[in-house]
Amino acid sequence: AQSVSQHNHHVILSEAASLELGCNYSYGGTVNLFWYVQYPGQHLQLLLKYFSGDPLVKGIKGFEAEFIKSKFSFNLRKPSVQWSDTAEYFCAVNAFWTGANNLFFGTGTRLTVIP
Amino acid sequence: GAGVSQSPSNKVTEKGKDVELRCDPISGHTALYWYRQSLGQGLEFLIYFQGNSAPDKSGLPSDRFSAERTGGSVSTLTIQRTQQEDSAVYLCASSTQGGKLSAYNEQFFGPGTRLTVL
């Protein structure tokens, strides 16, 4: 079955610490990859996306993610987190080559940044 | 411009009752999606609309769930004879294009409807 795994369920960091959230997927074909973020009380919003080209993609608010095809991974990183980064982060995959249009989401990682 | 809106924001119902959840997508967005987020779970795909047709209903968990979209705009998700396991946040998303091109388009999410079945 197709799946997206986020192994970190809850991450707690102090401000200025570096962040890396793991995401692995289990599709064999070409995929489009996304990270969405949900700040407390707000809608899900797109953080960044990868379709093709440079495997290191940059998103909003200083976030970046690296696509490593051989590892089926798309980890999210930020060199120095801020208290305002406290949110839930979701990795998502679109395996459009299967004919599916929807996104497959991971279970999410809750990030708590301590001031 | 206006984003995706959903109503009601919260719905509490008794087991066995029917509920209707509404989604207003962003104007001009042809693709519309319904997802469900249960406690401790990721977002689970339910159904996808391209215009008024639903080429992908594969995520609907049972025949108690149905959805329609009229005029290529508003969509209604109906859950008949609700069960406690239906309790979840139901999210709607829309994007500018459907078909294969939809894979390249950002999905814009609404605030969700929190459904509680007692």
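Attention here is on the structure that accompanies the text. Everything numeric here is computed off the predicted structure, so don't read it as measured data.

Rules of the game
Residues numbered from 1 in each chain as written. Chains lettered and ligands numbered in written order. Predicted model: local features only at pLDDT ≥ 70, side-chain atom pairs only at ≥ 80, totals over all residues. Heavy atoms only, no water. Salt bridge = Lys/Arg side-chain N within 4 Å of Asp/Glu carboxyl O. Buried < 20%, exposed > 50% of the residue type's maximum accessible area, 1.4 Å probe, protein only. Helix = DSSP H or I, 4+ residues; strand = E, 2+ residues; numbered from the N terminus. Pairing = 2+ DSSP bridges. Axes fitted to C-alpha atoms, helices over the stretch in contact; angles between N-to-C directions.

This part covers the pattern of salt bridges. Across all of its chains, the model carries 7 salt bridges over all chains by this definition. With a closest N to O distance of 2.9 Å, Glu-64 of chain A and Lys-58 of chain A form a salt bridge. Judged by relative accessible area, Glu-64 of chain A falls into the buried class, the value being 17%. Residues Arg-64 of chain B and Asp-86 of chain B are paired through a salt bridge, measuring 2.8 Å at the closest nitrogen-oxygen approach. In this pair, Arg-64 of chain B sits in the loop between strand 6 (53-56) and strand 7 (65-69) while Asp-86 of chain B sits in the loop between strand 8 (75-79) and strand 9 (88-95), placing the two residues 22 residues apart along the sequence. On the basis of relative accessible area, Asp-86 of chain B is assigned to the buried category, the value being 2%. Through salt bridges with shared partners, one network takes in Lys-58, Glu-64, Glu-66 and Arg-77 of chain A.

All names here are of chain B. Reading across the sheet, the 4 strands line up as 1-3-8-7 and stay open at both edges, with antiparallel pairing between neighbours. A strand with exactly one partner marks an edge of an open sheet, and here the two such strands are strand 1 (5-7) and strand 7. The average undirected angle you get between the axes of adjacent strands in this sheet is 15°. When strand 1 meets strand 3 (residues 19-24), the two strands line up antiparallel, connected through 3 bridges. The partner of Ser-7 across the bridge, within strand 3, is Arg-22.

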